[in-house]
Amino acid sequence: MNSNTDGVNDFIENCITDAIDALASTSKEKYKQKTSLIENATDMTTQEKLHALDENYDSHMQEIIMGVTITVLSVTILGIAIKNHIPIKHVLRLPA
């Protein structure tokens, strides 16, 4: 591989890593805050709290999976566009 391709690959890898780390951190903070609110709620039964905690966890995991999927797809498309600029020229020619 030439150094230009290595640079693009490094850039893409760094973008994916940074985006996933930021997403995981944000989602984890939201998860912790919601968990704390649920645990400290005085107007919920134990069963309601358990159900709410399960939904909170499911929501947290869905956020992470969706974010990772979108990030990987976006950066993959960006990588393809950077490595092969011909498809971009064709897209730019399409009428609005």
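Residues numbered from 1 in each chain as written. Predicted model: local features only at pLDDT ≥ 70, side-chain atom pairs only at ≥ 80, totals over all residues. Heavy atoms only, no water.

**Focus: the side chain of His60**
Next, step 1: Residue placement: His60 occurs in helix α2 (residues 46-83).
Next, step 2: You can call His60 buried: its relative accessible area is 11%.
Next, step 3: Among all residues touching His60, those that are not within four sequence positions of it are Ser27, Lys28 and Tyr31. (Helix = DSSP H or I, 4+ residues; strand = E, 2+ residues; numbered from the N terminus. Buried < 20%, exposed > 50% of the residue type's maximum accessible area, 1.4 Å probe, protein only. Contact = heavy atoms within 4.5 Å.)

**Points about the side chain of Asn56**
Next, step 1: Relative to the helices and strands, Asn56 is located in helix α2.
Next, step 2: A polar side-chain atom of Asn56 sits 3.0 Å from a polar atom in the side chain of Thr35.
Next, step 3: Look past the residues within four positions of Asn56 in its chain and what remains in contact with it is Tyr31, Lys34, Thr35 and Ile38. (Polar contact = N/O pair within 3.5 Å; in protein donor to acceptor, adjacent residues only side chain to side chain.)

**Things to note about the packing of aromatic side chains**
Next, step 1: This model, assessed by the stated rule, comprises 1 aromatic pair.
Next, step 2: For the pair Tyr31 and Tyr57, a centre-to-centre distance of 6.2 Å together with 70° between the ring planes defines the contact as edge-to-face. One end of the pair, Tyr31, is in helix α1 (residues 3-40); the other, Tyr57, is in helix α2, with 26 residues separating them in the sequence. (Phe/Tyr/Trp six-rings, centres within 6.5 Å; stacked < 30°, edge-to-face > 60°.)

**As for the environment of Gly67**
Next, step 1: Among the secondary structure elements, Gly67 is positioned in helix α2.
Next, step 2: Classification of Gly67 as buried rests on a relative accessible area of 14%.
Next, step 3: Each C-alpha atom of the pair Gly67 and Ala24 lies 8.8 Å from the other, and the pair is 43 residues apart in sequence.

**What about a nonpolar patch on the surface?**
Next, step 1: Nonpolar side chains collect at one region of the surface, where Phe11, Leu78 and Ile82 lie side by side and expose about 250 Å² of accessible area between them.
Next, step 2: Among the structural elements, Leu78 can be located in helix α2.
Next, step 3: Overall, Leu78 belongs to the partly exposed group, its relative accessible area being 36%. (Patch = residues over 30% accessible without salt bridge, like charges linked within 9 Å, V, L, I, M, F, W, Y side chains within 5 Å. Areas by Shrake-Rupley, 256 points an atom, 1.4 Å probe, with all protein chains shown as cover. Salt bridge = Lys/Arg side-chain N within 4 Å of Asp/Glu carboxyl O.)

**What to know about the pattern of salt bridges**
Next, step 1: With the rule as written, the count across this model stands at 1 salt bridge.
Next, step 2: The residue Lys30 makes a salt bridge to Glu63 at a minimum N-O spacing of 2.6 Å. Taken together, the residues span a long stretch of sequence, with Lys30 in helix α1 and Glu63 in helix α2 at a distance of 33 residues.
Next, step 3: According to the relative accessible area criterion, Lys30 is partly exposed, its value standing at 36%.

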